[in-house]
Each structure stands twice: as structure tokens, then as C-alpha cells.
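Each chain, letter by letter, is given below.
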Amino acid sequence: MFQKLHNLVEKTLHQKKEQARLAVSDDEVVLFADEREVWRFRWDAVTRIETYKRDLFSTDLVCLDFYVASLDMTYPAHEEMQGFVTLREQLSSHFPSIGDVWLREVTLPPFAPNHKVLYERPAA
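Keep in mind the model is a prediction, meaning the values are calculated, not measured.

(A) Structural view of the packing of aromatic side chains. Applying the stated rule across the entire model yields eight aromatic pairs. Between the aromatic rings of W39 and F41, the centroid separation amounts to 5.6 Å while the plane-to-plane angle is 25°, which identifies the pairing as stacked. A centroid spacing of 5.4 Å and a plane angle of 40° characterise the contact between F41 and Y75, whose relative ring orientation is tilted. Of the two residues, F41 sits in strand β3 (residues 36-42) while Y75 sits in strand β6 (residues 73-78), which places them 34 residues apart along the sequence. A relative accessible area of 3% means that F41 is categorised as buried. Under the relative-accessibility criterion, Y75 is labelled buried at 5%. Aromatic ring contacts, followed pair by pair, group W39, F41, W43, F66, Y75, F95 and Y119 into a single cluster. Over the aromatic face of Y67 sits the side chain of R48, whose NZ or CZ is 4.7 Å from the ring centroid.

(B) Up close: the nonpolar core. L22, I49, F66, L87 and L91 are the most contacted members of the largest nonpolar core, which has 25 residues in total. Of all the secondary structure elements, the ones that give two or more residues to this core are β1 (20-24), β2 (28-33), β3, β5 (60-68), β6, α2 (84-94), α3 (102-107) and β7 (116-120). Sorting elements by how many residues they give to this core places β5 first, with four residues. Sequence-distant contacts of F66, that is, excluding residues within four places in its chain, are made with F41, W43, V46, R48, I49, M73, T74, Y75, L87 and L91.

(C) Focus on unusual backbone geometry. A cis amide bond links L108 with the next residue in sequence, P109, at an omega value of -5°. The residue P109 is located in the loop between α3 and β7 in this model. Notably, D34 is not glycine yet its phi reads approximately 50°, a positive angle. Residues other than glycine seldom take positive phi values, yet E35 does so here, at roughly 70°. Looking at where E35 falls in the secondary structure, it is placed in the loop between β2 and β3.

(D) Up close: the sheet that holds β1. Strand order in the open sheet made by the three strands is β1-β2-β3, with antiparallel pairing throughout. Only two strands of the sheet have a single neighbouring strand rather than two, namely β1 and β3. Strand-to-strand twist across the sheet, computed as the mean angle between neighbouring axes with direction ignored, equals 20°. Of the strand pairs in this sheet, β1 and β2 are connected by five bridges, and their pairing is antiparallel. In the strand pairing of β2, A20 is matched with A33.

(E) Examining α2 more closely. By the burial criterion, the buried members of α2 are F84, L87, Q90 and L91. Taken around the axis of α2, the buried residues stretch over an arc of 130°, which confines them to a single face. Of the residues in α2, the exposed ones pointing more than 90 degrees away from the buried face are E89 and S93.

Quick notes on the rules
Residues numbered from 1 in each chain as written. Predicted model: local features only at pLDDT ≥ 70, side-chain atom pairs only at ≥ 80, totals over all residues. Heavy atoms only, no water. Phe/Tyr/Trp six-rings, centres within 6.5 Å; stacked < 30°, edge-to-face > 60°. Helix = DSSP H or I, 4+ residues; strand = E, 2+ residues; numbered from the N terminus. Buried < 20%, exposed > 50% of the residue type's maximum accessible area, 1.4 Å probe, protein only. Lys NZ or Arg CZ within 6 Å of the ring centre and 35° of its normal. Core = buried A, V, L, I, M, F, W, Y, C linked by side-chain atoms within 4.5 Å. Contact = heavy atoms within 4.5 Å. Pairing = 2+ DSSP bridges. Axes fitted to C-alpha atoms, helices over the stretch in contact; angles between N-to-C directions. Arc of directions from axis to C-beta.

Set out below in C-alpha cells:
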């Protein structure tokens, strides 16, 4: 009995964490989890971008949500994903109106959600 409990605790404590990786190109963004494609969107299909923070008790997690209206889908990304820095750096080249100050605005003050719409495509 003790051995089964010990094995369960060991398995729970040492679970392999899924690796999330963003592949960012000039045309699209793809999210992989353990090398399996989870989602993809084209930059030119994005109709809204929002940023906010999640309070993780002792730290904050900066997030970006990309909404594609034609698919009625939101594609979430956060700063713990490999490739997030590249994604963040490419925002202003694909959406010049966003600028570079958004990151400071979402990170300060700490532990506040600081939700902000960074981009919204005008209705046609």
C-alpha cells in the first residue's frame, strides 16, 4: 500500500511539464506543445489584440490574446511560452498603431490585471 502511494506522489511531483513554443514568421504565428501543432493564425487575419496580466500570487503573467473574427477564435499567448519575446517584438511591425509602450502599461502596477485592447480592426 505504501509503495503505491509513494509511486503516485512521485509521479505527481515529477510530471513532465508540457513545453509550449511559439513559431513566429512574417506571415503567421504557430503554437506548438511538445512539438504538436496546437493552433495557428495569420497576422493579416487578426481583428483584435488584447493584453492583460494574470496574478499568479507571487508573480504576474503577461498575456496577449489574438482574435480572428472570420473564425470566431481567440488565440492566447503568454510570456512563459518560448518565442513570446519574438512575438512581442513583431507586434509593432504588423500593427504600427500598437507602439512599444504597451508592455510597460500592462506590467505596472504589479498584480493589477491592466486589461487593454491594443488593436481593433475598423468595421468594414
